[in-house]
Amino acid sequence: MATRGIRRKQIDVEQVPPAVTPPTRDGASNSFPSRPKLTSKTKKRDIPEGLWIKCPRCSGLIYDKELDDNLKVCPNCTHHFKLGARERIHSMVETCSFEEIDPLMESVDILKFTGSSSYESKLLSYRKKMPMLKDAVVTGVGLIGTHRVALGVMDFSFLGGSMGSVVGEKLTRLIETATDRGLPLVIVSSSGGARMYEGMFSLMQMAKTCGALAYHARRNLPYISVLTDPTTAGVMASFASVGDLILAEPCAMIGFAGRRVVEATTQSELPPDFQTAEFLKQRGLIDAIVPRLEMKQRLISYLHYLMANRVAS
Amino acid sequence: MRHYLDFEKPIAELQRKLDAFKAHPEAASLGISWEEEMKVLENKIFEAERQLYSNLTSWQRVQLARHPKRPYSLDYLRTTFQEFEELHGDRLYSDDHAMVGGFARLGTERVMVIGTQKGRDTKENIFRNFGSAHPEGYRKALRLMKLAERFRLPVITLIDTAGAYPGVGAEERHIAEAIAVNLREMMTFEVPIIACVIGEGGSGGALGIGVADRVLILENAYYSVISPEGCAAILWKDRAAAPKAAEALKITATNLKAAGLVDEIIPEPLGGAHLDLDAISLTLRESLLRNVFQLKSLTGPERLASRYAKFRAFGHFTEPKSTA
Ligand SMILES: [Zn+2]
């Protein structure tokens with residue numbers, strides 16, 4: 001049991017109760033404590049060794065609760081572990097201010113995709129594994145400081161954060177909501193790219209989200225794109241790359257083509273920092289690298305500037 | 001000499017027999033005249049071709065889309081279009097030879113044409129980077145589309161790429177951003193935009209010039225979110241499973257039309273576009289012109305609204321009624 005606890009942490013599919021309260025609808029709503037707490041189930045499983053997690057960068061052992069309190073940033077070396085969408089939203093918005101949009105939208109196996117395993121069974125197992133996520137993005141409107149913001153946060157733990165119809169549709173509705181209500185937009189990405197299982201429908205979500213962003217930009221509304229580890233391929237080649245501001249978490253892997261594909265194509269040694277946030281910043285492709293623990297304050301500060309003298313159009 | 005793919009070997013064999021028979025009239029064996037026996041053989045070939053090409057698998061179509069003799073953008077720019085005036089460069093970094101563009105005449109219409117371009121042989125392929133554009137290619141395309149928008153020229157894009165180039169320089173100059181900006185900006189140009197997949201529609205690299213009022217596809221072209229080989233490597237852990245992946249991804253013209261993802265299939269000559277460039281060029285011109293005329297009958301804002309609505313509608317999901 002205990003070792004299982006450790007592994008669960010390391011692959012980062014741990015579930016904590018969501019930090020946000022979905023709007024009351026059908027039987028699906030619950031209210032949750034405003035801070036994530038360990039459930040009794042997690043507690044049992046994690047006693048005693050499961051409470052310690054080994055940092056992949058500094059190899060230090062971190063007490064599980066300490067890591068959660070520190071937004072999954074290693075207190076010794078500041079390594080950023082992956083953070084779930086709901087925990088991240090909780091860390092960014094004012095308490096109880098987040099109203100989720102489309103919390104119940106689910107993917108369908110439109111292509112009847114048959115491979116080594118079917119898409120249908122994949123979806124079912126993920127939904128079972130993480131009941132607080134219906135797909136790879138959570139969207140809604142909330143307060144960041146004094147700014148009411150349309151916020152979308154991706155979750156890598158759901159099918160690698162891949163973008164299929166649900167991710168595309170939820171983000172497009174979020175962007176359209178922001179455009180209609182005159183809200184700034186923040187999208188936190190974490191994704192391996194388009195979702196193969198939905199074929200060309202996934203590819204088209206790239207055009208769909210970017211099209212919606214064109215109309216958001218026309219109203220002189222700001223869009224801040226936050227890139228977290230990893231943001232690649234179809235997500236990077238669409239909404240994640242067209243922010244008015246583009247921020248990245250330290251050491252995040254960010255790029256278009258996979259490292260192995262680039263290696264295979266170019267038959268050459270790649271720079272060690274290739275496709276890291278630092279690599280992108282050094283080449284002038286992003287505005288700033290922002291540590292997770294400073295993210296909220298920095299967003300508030302940027303929004304002050306972007307919204308201060310804005311002329312609505 | 002016609003180039004036969006593996007799955008076309010039965011046709012090649014029949015053709016070889018016919019050629020041998022032509023060379024040796026004395027070999028007639030059916031007790032009918034030489035001419036009549038030739039006719040029999042020719043009919044047999046035609047029937048075999050009709051059978052083969054009307055039942056192609058997805059993977060066979062991918063092979064036709066990648067056929068070494070397949071017409072490329074510049075071929076159509078010489079046949080479907082006239083007076084191609086190539087324009088070069090992104091005004092920022094360089095001129096990407098994997099992406100060509102410029103003014104051209106389409107029948108009575110003056111248009112801007114942009115297309116990815118492969119090479120015919122090794123030397124030309126190195127020059128064209130095998131049809132995989134760098135960021136500067138997508139930025140050149142955007143520059144030309146902006147020019148077309150200012151001077152009210154319809155834009156026609158020809159798509160034939162395995163994908164945008166996955167290299168260090170491409171990443172350093174931000175290929176992802178170049179594609180993303182095109183996706184956003186193509187949704188804002190009021191001029192008519194028609195995209196046609198003429199060979200390979202490789203993922204984001206294809207979509208980067210593919211946001212259009214009308215999306216057309218040649219009968220044996222394909223358009224996919226990931227290459228069949230790439231999908232096979234990830235899901236089957238084996239690139240050799242590409243034929244299975246091609247089937248599962250639903251990437252053929254027929255699949256895409258049925259899913260509403262493309263507007264029109266442009267029929268190819270029996271056996272593929274490469275067997276009759278004149279015929280396919282005319283068919284393509286007729287289709288492009290018809291679509292240009294239809295789109296010109298709308299106003300700019302009408303085109304923008306319907307283009308947005310078209311892409312907005314792509315996607316399948318479920319949600320409880322109460323959230324609607
Ligand atoms: Zn550490």
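Source: prediction; values computed, not measured.

## What about the overall build of chain A?
Here's step 1: The helix and strand inventory of chain A stands at 11 helices and 11 strands.
Here's step 2: Buried positions account for 49% of the 313 residues belonging to chain A.
Here's step 3: By sequence separation, contacts in chain A at least 24 residues apart represent 69% of the contacts at least 6 residues apart.

## Considerations on the overall build of chain B
Here's step 1: A tally of regular secondary structure across chain B gives 14 helices and nine strands.
Here's step 2: Taken over C-alpha atoms, the radius of gyration comes to 22 Å for chain B, in line with the 20 Å a tight globule of 324 residues would show.
Here's step 3: Summarising its shape, the C-alpha atoms of chain B cover approximately 70 × 50 × 40 Å along the three principal directions.
Here's step 4: Of the contacts formed within chain B by residues at least 6 apart in sequence, a portion of 70% connects residues at least 24 apart.

## Topic: the interface of chain B and chain A
Here's step 1: Facing 46 residues of chain B, the contacting portion of chain A comprises 52 residues.
Here's step 2: Looking at the side of chain B that touches chain A, the elements with two or more residues in it are helix H7 (168-172), helix H8 (175-186), helix H9 (203-207), strand E7 (222-224), helix H10 (228-235), helix H11 (242-249), helix H14 (300-312) and strand E9 (317-318) of chain B.
Here's step 3: Counting residues per element, the side of chain B that touches chain A draws most heavily on H8 of chain B, which supplies eight residues.
Here's step 4: Of the residues that constitute the side of chain B that touches chain A, the class distribution is 28 nonpolar, 11 polar and seven charged.
Here's step 5: Bridge analysis of strand E4 (residues 106-107) of chain A against E9 of chain B gives two bridges, and the strand direction is antiparallel. Bridge pairing in E9 of chain B links Glu 106 of chain A to Thr 318 of chain B.

## A short note on unusual backbone geometry
All names here are of chain A.
Here's step 1: Between Asp 229 and the following residue, Pro 230, the backbone shows a cis peptide bond with an omega angle of -15°.
Here's step 2: Relative to the helices and strands, Pro 230 resides in strand E8 (residues 223-232).
Here's step 3: For Asp 102, which is not a glycine, the phi torsion comes out positive at approximately 50°.
Here's step 4: For Asp 102, the location among the structural elements is in the loop between strand E3 (99-101) and E4.
Here's step 5: Given 23 C-beta atoms within 10 Å, Asp 102 falls into the buried group.
Here's step 6: Residues other than glycine seldom take positive phi values, yet Leu 159 does so here, at roughly 50°.
Here's step 7: For Leu 159, the location among the structural elements is in the loop between strand E6 (147-154) and helix H6 (165-181).

## Observations concerning the pairing of strand E7 (residues 185-191) of chain A
All names here are of chain A.
Here's step 1: Burial analysis of E7 places seven of its seven residues in the buried class, the great majority of the element.
Here's step 2: Here E7 shows a buried face lined by Leu 185, Ile 187, Ser 189 and Ser 191 and a second buried face lined by Val 186, Val 188 and Ser 190.
Here's step 3: Alignment of E6 against E7, held across four bridges, turns out to be parallel. Paired with Leu 151 across the two strands is Val 186, which belongs to E7.
Here's step 4: Between E6 and its parallel partner E7, the chain crosses via H6, and the hand of that crossover is right-handed.
Here's step 5: Sheet topology note: the E7/E8 ladder contains six bridges and is parallel. Paired with Val 188 across the bridge in E8 is Val 226.
Here's step 6: Tracing the backbone out of E7, into helix H7 (residues 199-218) and back to the parallel element E8 gives a crossover that is right-handed.

## With respect to the domain arrangement of chain B
Here's step 1: Splitting chain B by domain gives domain 1 (12-55) and domain 2 (62-312).
Here's step 2: One C-alpha centre belongs to domain 1 of chain B, the other to domain 2 of chain B, and the line joining them spans 39 Å.

## Things to note about the packing of H7 of chain A against H14 of chain B
Here's step 1: Relative orientation of the contacting elements H7 of chain A and H14 of chain B amounts to 135°, with a least axis distance of 9 Å. With respect to each other, H7 of chain A and H14 of chain B are oriented oblique. In terms of crossing hand, the pair formed by H7 of chain A and H14 of chain B is left-handed. Contact residues: H7 of chain A offers Met 204, Ala 207, Lys 208 and Gly 211 of chain A, while H14 of chain B offers Tyr 308, Phe 311 and Arg 312 of chain B.
Here's step 2: Here the residues of the contact of H7 of chain A with H14 of chain B are counted per class, giving four nonpolar, one polar and two charged.

## Notes on the pairing of strand E3 (residues 109-116) of chain B
Residue and element names in this part refer to chain B.
Here's step 1: Burial analysis of E3 places six of its eight residues in the buried class, the great majority of the element.
Here's step 2: When strand E2 (residues 99-106) meets E3, the two strands line up antiparallel, connected through eight bridges. From the neighbouring strand, Ala 104 faces E3, where its bridge partner is Val 111.
Here's step 3: Linking E2 to E3, which pair antiparallel, is a turn of two residues; within it Gly 107 sits at a positive phi near 55°.
Here's step 4: In the sheet, E3 pairs with strand E4 (residues 155-161) via four bridges, with the strands oriented parallel. Following the sheet pairing, Ile 114 is matched in E4 by Thr 157.

## Here we look at the environment of Leu 299 of chain A
Here's step 1: By the element assignment, Leu 299 of chain A lies in helix H11 (residues 292-308).
Here's step 2: If we ignore the near neighbours within four places in the chain, the residues touching Leu 299 of chain A are Ile 144, Val 186 and Ile 224 of chain A.

## Details of H7 of chain A
Here's step 1: With 20 residues, H7 of chain A ought to run about 28 Å at 1.5 Å a step, and its terminal C-alpha atoms sit 31 Å apart, in line with that.
Here's step 2: Trailing H7 of chain A by a residue or two, Asn 220 of chain A shows a phi angle of about 55°, which is positive.

## Observations concerning the packing of helix H3 (residues 58-65) of chain B against H11 of chain B
The geometry of a pair of packed helices is captured by two quantities: the angle between their axes and the separation between those axes.
All names here are of chain B.
Here's step 1: Viewed as axis vectors pointing N to C, H3 and H11 meet at an angle of 100°, and their least axial separation amounts to 8 Å. In terms of orientation, H3 lies roughly perpendicular with respect to H11. Along the contact surface, H3 presents Ser 58, Trp 59 and Val 62, while H11 presents Ala 242, Pro 243, Ala 246 and Glu 247.
Here's step 2: Residue composition of the contact of H3 with H11, grouped by class: five nonpolar, one polar and one charged.

## A closer look at the confidence of the model for chain A
Here's step 1: Across chain A, pLDDT averages 87, with 84% of residues at or above 70.
Here's step 2: Low pLDDT, under 50, characterises residues 1-47 of chain A; the predicted model gives this stretch 71 contacts beyond four residues in sequence or across chains.

## Some points on the environment of Glu 219 of chain B
Residue and element names in this part refer to chain B.
Here's step 1: Secondary-structure assignment places Glu 219 in the loop between strand E6 (214-218) and E7.
Here's step 2: Classification of Glu 219 as buried rests on a count of 21 C-beta atoms within 10 Å.
Here's step 3: Separated by 34 residues in sequence, Glu 219 and Ala 253 place their C-alpha atoms 5.7 Å apart.
Here's step 4: Ignoring any residue separated from it by four or fewer positions in sequence, one finds Glu 219 in contact with Ala 253, Ile 265, Ile 266, Pro 267 and Glu 268.

Reading guide: rules and limits
Residues numbered from 1 in each chain as written. Chains lettered and ligands numbered in written order. Predicted model: local features only at pLDDT ≥ 70, side-chain atom pairs only at ≥ 80, totals over all residues. Helix = DSSP H or I, 4+ residues; strand = E, 2+ residues; numbered from the N terminus. Buried ≥ 20, exposed ≤ 12 C-beta atoms within 10 Å, placed from the backbone. Contact = placed C-beta atoms within 7 Å. Rg over C-alpha atoms; globule rule 2.2 N^0.38 Å. Nonpolar A, V, L, I, M, F, W, Y, C, P; charged D, E, K, R; others polar. Pairing = 2+ DSSP bridges. Right-handed = clockwise from strand over helix to strand, strands pointing away. Domains from an automatic or database assignment. Axes fitted to C-alpha atoms, helices over the stretch in contact; angles between N-to-C directions. Parallel < 35°, antiparallel > 145°, perpendicular 65-115°, else oblique. Left-handed = near helix turned anticlockwise from the far one by under 90°. Expected span 1.5 Å × (residues − 1). pLDDT = per-residue confidence, 0-100.

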